[in-house]
Structure formats: structure tokens, C-alpha cells
Protein chains: 2
Amino acid sequence: MLNFEFSNPTKIIFGKGQIKKIKREIATNHKVLLMYGGGSIKKNGVYAQVMDALSEHQIVEFSGVEPNPSIETLTKAIALVKEEKVDYILAVGGGSVIDGAKFVAAAVPFDGDPWDILAKGAKVRSALPISCILTLPATGTESNGNSVVTKRSTQEKLPFASPLVYPKTAILDPEVTFSLPERQVANGVVDAFVHTMEQYLTYDVNAPVQERFAESLLCTLIQEGPKALSNPTDYDVRANIMWAATMALNGLIGVGVPQDWATHAIGHEITALHGLDHAQTLAIVLPSLMHHKRDTKANKIAQYGRRVWGINDASDDVVIEQAIAKTAEFFETMGVPTKLAGYGIGPEAVDGLIAQLIKHNLTAIGEHKDITPEVARAILDDAAA
Amino acid sequence: MLNFEFSNPTKIIFGKGQIKKIKREIATNHKVLLMYGGGSIKKNGVYAQVMDALSEHQIVEFSGVEPNPSIETLTKAIALVKEEKVDYILAVGGGSVIDGAKFVAAAVPFDGDPWDILAKGAKVRSALPISCILTLPATGTESNGNSVVTKRSTQEKLPFASPLVYPKTAILDPEVTFSLPERQVANGVVDAFVHTMEQYLTYDVNAPVQERFAESLLCTLIQEGPKALSNPTDYDVRANIMWAATMALNGLIGVGVPQDWATHAIGHEITALHGLDHAQTLAIVLPSLMHHKRDTKANKIAQYGRRVWGINDASDDVVIEQAIAKTAEFFETMGVPTKLAGYGIGPEAVDGLIAQLIKHNLTAIGEHKDITPEVARAILDDAAA
């Protein structure tokens with residue numbers, strides 16, 4: 001096992017009817033920016049529950065945070081926070097709204113151009129406090145210090161991380177996910193699955209707790225994912241997916257083990273250039289990446305095939321082939337195509353994607369830093385059709 | 001899944017050579033009480049590492065915290081803290097030292113008789129900050145808010161819990177466990193195993209993440225425990241046991257699921273009356289409790305038998321019998337006898353243990369509150385020989 005440090009200060013409040021508890025989590029002397037997306041929270045009752053719970057708070061609203069939140073939109077929120085002297089942000093929505101809130105929280109006290117936090121890795125030295133009410137289980141952002149923001153004008157999608165932007169409290173009520181569109185449910189399951197794989201499918205450092213925890217999440221997502229599509233109001237199914245997605249990226253399963261975020265790195269470029277949903281890009285890249293990195297990942301792919309998929313063949317080669325196929329099949333079963341062609345994107349797009357990776361210095365990625373632009377090209381060529 | 005709230009503020013610093021980092025975790029303006037046990041930290045080099053790291057701090061030492069820390073001893077520490085105006089406690093040792101530190105931290109600002117915190121459940125309203133350097137993986141106290149203290153004069157062993165006594169930082173260096181006596185290693189593995197079982201072996205609430213996480217820890221302890229005895233300086237083995245023991249009782253695997261702490265409740269009385277090691281009492285009670293509660297725990301014991309022990313029989317009854325036998329066998333393999341007779345205690349001791357349970361109002365324990373004194377008597381009678 002590798003040395004590590006781990007702490008996760010976010011308080012999770014999980015379950016039915018828990019949204020009202022946000023009242024006791026934010027002191028009434030705070031002026032709160034309520035950030036949300038396209039207005040679905042007004043249809044599913046979440047907005048009303050929040051406003052009811054915060055009836056004693058001073059609230060300023062900022063709506064319209066889009067999927068893959070843009071700095072163009074968030075800059076307006078930053079201006080509003082400064083103008084209204086807001087001192088607390090409550091994000092109500094999915095990963096995009098919460099990621100957007102984290103950026104706003106860090107940008108408001110930032111001295112300089114906030115884009116530098118993303119583009120130049122400028123250090124975040126202070127941030128407004130954030131809490132969140134999660135409506136879409138997927139990214140894990142509800143209890144981590146990560147955020148991804150897009151600049152539409154230059155088609156760049158970049159991450160930042162800071163311990164200062166962990167939400168103080170995250171409320172997770174699985175019932176609010178009953179009304180999600182199928183595509184968002186499927187995307188969430190795929191996203192959480194790939195987060196887990198990127199902290200698991202590397203090389204062995206003798207860390208059985210972390211490996212088995214990862215396998216626990218993968219098994220749960222495989223078991224519960226399709227049920228969420230076929231029976232959208234099954235509370236336990238929704239609860240299990242929601243908890244698995246949080247655990248997939250709260251830092252725990254990745255302690256003391258090597259990680260490989262190449263699928264995310266390549267996927268971000270597909271979203272930036274072609275506007276695909278984040279999870280769609282992961283479903284395209286991961287199976288092809290597994291195929292092309294099967295030399296260095298062989299032991300772990302075989303373990304994954306046996307423990308997660310129950311493939312019993314004595315030959316590692318057979319298990320590995322089947323495990324990769326099962327992975328792609330699972331994404332397809334969730335309604336998420338695993339080839340660029342499935343989204344109407346032709347093989348000629350690969351050049352542009354490789355150019356983006358080079359532009360962002362992502363020329364040596366993966367746990368061995370051996371996914372060069374050439375390897376990424378092979379992965380994307382295979383993922384084309 | 002049941003509703004839950006979860007947060008764990010302890011920062012974990014894990015790995016080789018990490019003890020020196022305690023320096024940056026405690027501000028130098030604190031006056032620190034260094035609490036430890038019988039002096040083994042002076043032999044294994046931990047004391048020297050700590051003193052070196054804290055060379056710029058003002059330190060007051062308190063040694064001699066015994067296994068199953070007593071209020072008689074801890075009262076002296078409380079007096080020392082008040083006299084020396086100490087404002088931070090650093091516990092260096094195993095569960096007993098850390099539990100003792102938690103009690104001292106809560107007792108110092110307590111208004112009244114501190115024993116009331118244990119005997120009357122008096123609320124802890126403030127506590128001195130604590131950090132710890134763990135030398136014995138077992139109890140999980142390094143990252144939870146629980147503590148157990150014994151009053152020797154009345155032979156009582158009672159717990160308390162407060163969010164205020166979570167250690168701020170816990171440093172876990174597996175190398176410091178190389179020199180532990182076999183008995184302590186074995187006890188630690190058994191303790192962590194039983195903690196996991198008590199949050200797992202109840203009834204089904206459809207919580208696959210929690211169940212599989214628990215199974216992950218059980219598999220790890222079964223795999224690594226005997227290796228720690230046969231090859232005490234294998235770093236990865238020690239690291240895996242240490243991390244499993246922390247995860248077994250940091251609150252995570254028990255969120256949203258029913259719990260059954262009857263084994264601990266009964267075990268505490270055995271330690272209080274007969275002075276057995278904590279883990280020894282758990283090894284005595286658990287297999288017998290599984291046998292006597294196999295009606296209400298049948299599904300989970302069968303799942304445990306199949307997933308954790310790989311027992312493949314089609315009959316649940318066969319799997320359950322074998323799973324109970326395997327559990328006792330595992331404890332015996334670790335060198336921990338599973339019958340009272342193994343410690344020279346005769347069946348006539350059962351009366352006294354039942355009287356203690358009644359005295360402490362532990363007359364309806366277990367996840368269904370159906371372990372009455374009669375059931376506890378049957379469990380102990382069977383555990384006698």
C-alpha cells in the first residue's frame with residue numbers, strides 16, 4: 001500500500017424527507033446564494049422544500065447553471081455574489097450546479113483572473129462556505145473538493161481541486177431522483193462506475209480493502225443500474241445508486257493506491273469539442289482504453305472479470321476479453337453508446353481530440369504515464385466505430 | 001436502506017515514516033499532554049520519534065494508562081491537565097490509551113462528577129482537542145467518537161460517545177506494529193472482525209454497498225490476520241490489517257443499516273468481572289450468539305458463509321452451520337480461545353455475568369432487542385465449554 005493522507009469533512013444527511021434539515025445546517029445570519037440549473041427543481045418539489053426550510057434566511061437566487069457549467073455563466077454568479085454581499089452558497093442540483101458553486105466560492109475572494117485557477121493551477125487560498133442538496137447521483141462532487149468548469153469561447157474543459165471547496169453539508173434524498181430523465185440516470189451510473197474503475201484498474205500494490213471496496217461499488221452499480229431504468233420509483237434502488245456514486249469519488253477508495261484518470265482526461269476533450277454528455281465520453285473511452293492497456297492492467301482486469309462479473313474461465317486471456325466486453329455491454333444496456341459513431345461523430349474527429357490533449361499537456365497520462373498522444377490515438381481510433 | 005447522517009472529521013495520515021508529521025498537526029502554542037501506556041513506545045522507537053517531532057512544543061507526560069483504562073488512573077491525568085493548564089492531548093498507543101485520552105478530554109471541562117458521563121449518559125458539551133498516534137490496530141477509536149472506561153472499584157466497564165472527542169489527526173504507521181506481542185496482534189484482528197460483524201450480521205434492509213464493504217473487511221482480516229502472526233514484519237500485511245481495523249469502526253460501514261452490539265455488551269461484563277482481554281470476550285460470545293440467533297440472522301449468516309468463506313453448499317442450513325464453525329475456527333487459528341473454559345473460567349460464572357447485564361439495564365439487546373437475560377444465559381452457557 002502507498003502512503004496517504006485522507007480526510008473528508010463533508011457531513012452527509014441521507015434519506016427520505018431530509019431536505020428540511022438544511023435549515024439547521026446554515027446559520028440564519030448568512031446571506032445565501034441559492035444556485036440551481038434549468039428549473040427542474042421547481043417541477044419536482046425540491047425548490048419548494050428548500051425555500052420552506054430556509055424561510056428565515058436571506059436568499060439570493062441564481063438559476064441557469066448549465067450542464068458542463070461554463071465560466072461565462074458562472075462569471076455572472078460571481079458578480080451577483082459580490083453585488084449582494086452573499087457569504088454562503090447553497091447548490092441545489094447535480095454535479096454541474098455543485099461544481100459551478102465550488103468555482104464561484106473560490107473565485108469570489110480570488111485575487112486576479114479566476115480562470116487562472118483552472119488554466120494555471122493558481123492556488124485557492126480562501127472560499128465561501130458551500131452546502132448542497134444533490135438531485136442527480138453521478139459525480140461525487142457532493143463530498144469532495146473537485147470541480148470541472150468549461151470555457152465555451154475556447155472549448156476548454158478544465159478541473160481544479162481544493163480542500164476549501166468541500167461542501168460543509170450534503171443532503172441526499174433518493175426520492176428526488178425518481179423524476180430524473182432516463183438519460184441522466186444512465187449517465188450517473190456510468191460516471192460513478194468509471195470513477196471507481198479509474199481508482200481500481202491499475203497495478204497491484206497489495207491493498208485488498210481498497211480493491212474490495214471498489215469491487216463493492218462496481219457490483220452495486222451493475223446490479224442496481226438497470227433496475228433504476230425499469231422501475232424508476234424503487235426507493236432502495238435509487239438509494240443504493242446514490243450512495244454508491246458518493247462513495248465512488250469521496251476519496252476513500254483511492255487512498256494508498258495508484259490511479260489512472262486517462263479516461264476522464266480524454267473524455268473531457270470529447271465533451272469540449274463535441275458537446276457530448278460527460279458520461280457518454282467515458283463510456284466511449286474506457287472499454288477501448290482497457291483493450292489497449294491490457295498488457296499493463298492484465299492482472300487487475302482479470303481480477304475484475306472474476307470478482308465483479310463472476311467470469312470463471314481458467315484462462316486470464318479469456319477472462320480479460322470477456323470482462324472488457326461485459327463492461328461495454330453494461331454501458332450499452334444502460335442506453336449509453338460506447339462508440340463515437342453512436343453519437344454521429346466520424347473517425348476524422350480523432351485528430352482534433354489529440355490536438356486538444358497536446359494543447360493541455362496531457363501527453364503522458366495513465367498510472368504509468370505511458371498513454372502518449374499515439375496511444376490515445378489508437379484508443380480513439382478503436383472507439384470510433 | 002435506513003436514513004442516516006454521517007461525518008467523520010478525523011484526518012488520517014497513513015504509512016511509513018509519517019509520525020514526524022505530528023509536528024505540523026499541532027500548533028506550537030498548545031501545551032500538550034502526551035499520554036501513553038506501559039512504556040513499550042520507549043522500546044520500539046515511537047516515543048523518540050514523537051519527542052523529536054514535538055521538540056518545539058511544551059509537553060507534559062502522563063504514562064501508565066493500562067489496558068481497559070480505569071477511571072482511577074484517568075482521574076490522575078485529569079488533575080495533571082488542570083494543574084499544568086494543558087490544552088491539547090496527544091495519545092500515543094492503542095485503543096486503551098486513546099479511549100483514556102477521550103475521557104480526559106471530555107472530563108476536564110465537565111461540570112460535575114465525570115463518571116456521570118459514563119454511568120448516567122451526561123452530555124459532553126466541550127472537550128480538549130485530541131490527536132493520536134496509533135500503535136495497535138484494533139478498536140477503530142483513532143477515528144471515531146467512542147470511548148470505553150472501567151471503574152475498577154465497582155467492576156464496571158461503560159462506554160460513552162460524543163462528536164467532540166473525534167481525534168483531529170490520527171497517524172497510522174504500520175511499521176510500529178512489527179514489534180507487537182502476538183497476543184495483541186491477534187486480539188486486534190478479532191476485535192476489528194467482530195466490530196464489522198456487529199454492523200453486518202443483522203437483517204436485510206437492501207443496502208448492498210454497506211454489506212459488501214463489511215464483507216471486504218472480513219475477507220481482508222481473514223486473509224491477512226494469520227500472516228501477521230507468521231510473518232510479523234511484512235509491511236503490507238500490517239498495513240492492510242491497520243486500515244481494515246480503522247474502517248471497521250469509523251462509522252462508515254454501519255450507516256443506514258441495523259446494528260447489533262450484543263456481543264460487545266456481553267463481552268464487556270466478562271472483562272469487568274474476570275479481567276479477560278476485550279477481544280477474548282468477543283471471541284467467546286460471537287460464535288455462540290450466532291448459533292442462538294440463527295433464526296433471525298439466517299439470511300445474513302448464509303450470505304456471510306457464501307461470500308466471505310466461499311462455502312458453496314446449496315442448503316442454507318449447511319452454510320450457516322459451517323459459517324459459524326469457520327468463525328470460531330478463525331479466532332482459534334489466531335490463538336484466541338472461543339470458550340470460557342479456555343481461560344479457566346467455569347460455567348458457574350454465568351450467573352454473575354447475567355446479574356451484571358441486568359444491573360446495567362442490558363436486558364433487551366441485539367438488533368431486535370430480543371436478547372433478554374434468558375437468551376444471554378443460553379449464549380453464555382453454550383460458550384462455557
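## Concerning the interface of chain A and chain B
Reasoning step 1: Contact with chain A, which involves 32 residues of that partner, is made by 32 residues of chain B.
Reasoning step 2: Looking at the side of chain A that touches chain B, the elements that each hand over two or more residues are strand E1 (4-14), helix H8 (208-230) and helix H9 (235-248) of chain A.
Reasoning step 3: It is E1(A) that contributes the most residues to the side of chain A that touches chain B, 10 residues altogether.
Reasoning step 4: For the side of chain A that touches chain B, the residue count by class is 16 nonpolar, 11 polar and five charged.
Reasoning step 5: Examined bridge by bridge, E1(A) and strand E1 (residues 4-14) of chain B share seven bridges and lie antiparallel to one another. Note that in E1(B) the partner of A:Phe14 across the bridge is B:Phe4.

## Some words on the relation of the copies chain A and chain B
Reasoning step 1: Between chain A and chain B, which share one sequence, the superposing operator has a rotation angle of 180° and an axial displacement of 0.0 Å; the RMSD is 0.0 Å. One copy is carried onto the other by what is essentially a two-fold rotation axis.
Reasoning step 2: Looking at chain A, 100% of its interface residues are interface residues in chain B too, so the copies touch through the same face.

## Here we look at the pairing of strand E8 (residues 169-172) of chain B
All names here are of chain B.
Reasoning step 1: Side chains of E8 alternate between two faces, with Thr169 and Ile171 and Ala170 and Leu172 buried alike.
Reasoning step 2: Here E1 runs beside E8; their pairing, made up of four bridges, is parallel. In the sheet register, Lys11 faces E8, and the bridge partner there is Thr169.
Reasoning step 3: Strand direction decides the pairing type here: strand E5 (residues 130-134) and E8, joined by three bridges, are parallel. What sits directly across from Cys132, in E8, is Ala170.

## Side note on the sheet that holds E1(B)
Reasoning step 1: Judged by pairing direction, the sheet is mixed, and its 12 strands sit side by side in the order E3(A)-E2(A)-E4(A)-E5(A)-E8(A)-E1(A)-E1(B)-E8(B)-E5(B)-E4(B)-E2(B)-E3(B) without closing on themselves. Two strands close off the open sheet at either side, each with one partner strand: strand E3 (58-62) of chain A together with strand E3 (58-62) of chain B. Sheet twist, expressed as the average angle between the axes of neighbouring strands with direction ignored, equals 25°.
Reasoning step 2: This element, helix H4 (residues 71-84) of chain A, spans strand E2 (31-35) and E3 of chain A of the sheet and lies at about 160° to E3(A).
Reasoning step 3: Contacting strand E2 (31-35), strand E4 (88-93) and E5 of chain B, helix H5 (residues 95-107) of chain B runs over the sheet at an angle of about 165° to E4(B).

## Concerning the domain arrangement of chain A
All names here are of chain A.
Reasoning step 1: As assigned here, chain A comprises domain 1 (11-176) and domain 2 (182-382).
Reasoning step 2: Its C-alpha centre places domain 1 at a distance of 26 Å from the equivalent point of domain 2.
Reasoning step 3: Contact residues are listed per partner, giving 17 residues for domain 1 and 23 residues for domain 2.
Reasoning step 4: Looking at the side of domain 1 that touches domain 2, its residues break down into six nonpolar, seven polar and four charged.

## Description of the packing of helix H11 (residues 278-292) of chain A against helix H13 (residues 316-333) of chain A
In a pair of packed helices, the angle between the axes and the distance between the axes together describe the arrangement.
Residue and element names in this part refer to chain A.
Reasoning step 1: Look at H11 against H13: their axes get within 9 Å of each other, and the N-to-C directions meet at 175°. As judged from the angle between their axes, H11 and H13 are roughly antiparallel. Here Ala283, Leu286, Pro287, Met290 and His291 of H11 lie close against H13, whose contacting residues are Ile324, Thr327, Ala328 and Phe331.
Reasoning step 2: Here the residues of the contact of H11 with H13 sort into seven nonpolar, two polar and no charged.

## A word on the environment of A:Thr28
Residues and elements named next belong to chain A.
Reasoning step 1: Structurally, Thr28 can be placed in the loop between helix H1 (22-25) and E2.
Reasoning step 2: Thr28 sits in the exposed class, given 11 other C-beta atoms within 10 Å.
Reasoning step 3: For Thr28 and His57, which are 29 residues apart along the polypeptide, the C-alpha to C-alpha distance reads 5.2 Å.
Reasoning step 4: Other than its neighbours up to four places away in sequence, Thr28 contacts Glu56 and His57.

## Overview of H4(A)
Residue and element names in this part refer to chain A.
Reasoning step 1: For H4, spanning 14 residues, the distance from its first C-alpha to its last is 19 Å, which sits close to the expected 20 Å at 1.5 Å a residue.
Reasoning step 2: Buried within H4 are the following residues: Ile71, Leu74, Ala77 and Val81. Each buried residue of H4 sits inside an arc of 110° when the element is viewed along its axis, so together they form one side. Opposite the buried face of H4, by more than 90 degrees, sit the exposed residues Glu72, Ala79 and Glu83.
Reasoning step 3: Where the residues of H4 are buried, they touch E2, E3, helix H5 (95-107), helix H6 (115-119) and strand E6 (146-151).
Reasoning step 4: Looking one or two places after H4, you find Lys85, whose phi comes out positive at around 55°.

## Let's talk about H13(A)
The periodicity of an α-helix, 3.6 residues per turn, causes residues three or four positions apart to be oriented the same way.
Residues and elements named next belong to chain A.
Reasoning step 1: Taking 1.5 Å of rise per residue, 18 residues should cover 26 Å, and H13 covers 25 Å from first to last C-alpha, within 8% of that figure.
Reasoning step 2: Listed in full, the buried residues belonging to H13 are Val319, Ile320, Ala323, Ile324, Thr327, Ala328, Phe330 and Phe331. Buried residues of H13 fall within an arc of 165° about the axis and therefore sit on the same side.
Reasoning step 3: Positive backbone phi, approximately 85°, marks Gly335, located one or two places after H13.

## Re the nonpolar core
Reasoning step 1: A:Met35, A:Ile89, A:Val190, B:Met35, B:Ile89 and B:Val190 are the most contacted members of the largest nonpolar core, which has 253 residues in total.
Reasoning step 2: Residues contacting B:Ile89, with those up to four places away along its chain left out, are B:Leu33, B:Met35, B:Ala101, B:Val104, B:Ala105, B:Leu128 and B:Ile130.

Conventions adopted
Residues numbered from 1 in each chain as written. Chains lettered and ligands numbered in written order. Predicted model: local features only at pLDDT ≥ 70, side-chain atom pairs only at ≥ 80, totals over all residues. Contact = placed C-beta atoms within 7 Å. Helix = DSSP H or I, 4+ residues; strand = E, 2+ residues; numbered from the N terminus. Nonpolar A, V, L, I, M, F, W, Y, C, P; charged D, E, K, R; others polar. Pairing = 2+ DSSP bridges. Least-squares fit on C-alpha atoms with pLDDT ≥ 70 in both. Buried ≥ 20, exposed ≤ 12 C-beta atoms within 10 Å, placed from the backbone. Axes fitted to C-alpha atoms, helices over the stretch in contact; angles between N-to-C directions. Domains from an automatic or database assignment. Parallel < 35°, antiparallel > 145°, perpendicular 65-115°, else oblique. Expected span 1.5 Å × (residues − 1). Arc of directions from axis to C-beta. Core = buried A, V, L, I, M, F, W, Y, C linked by C-beta atoms within 7 Å.

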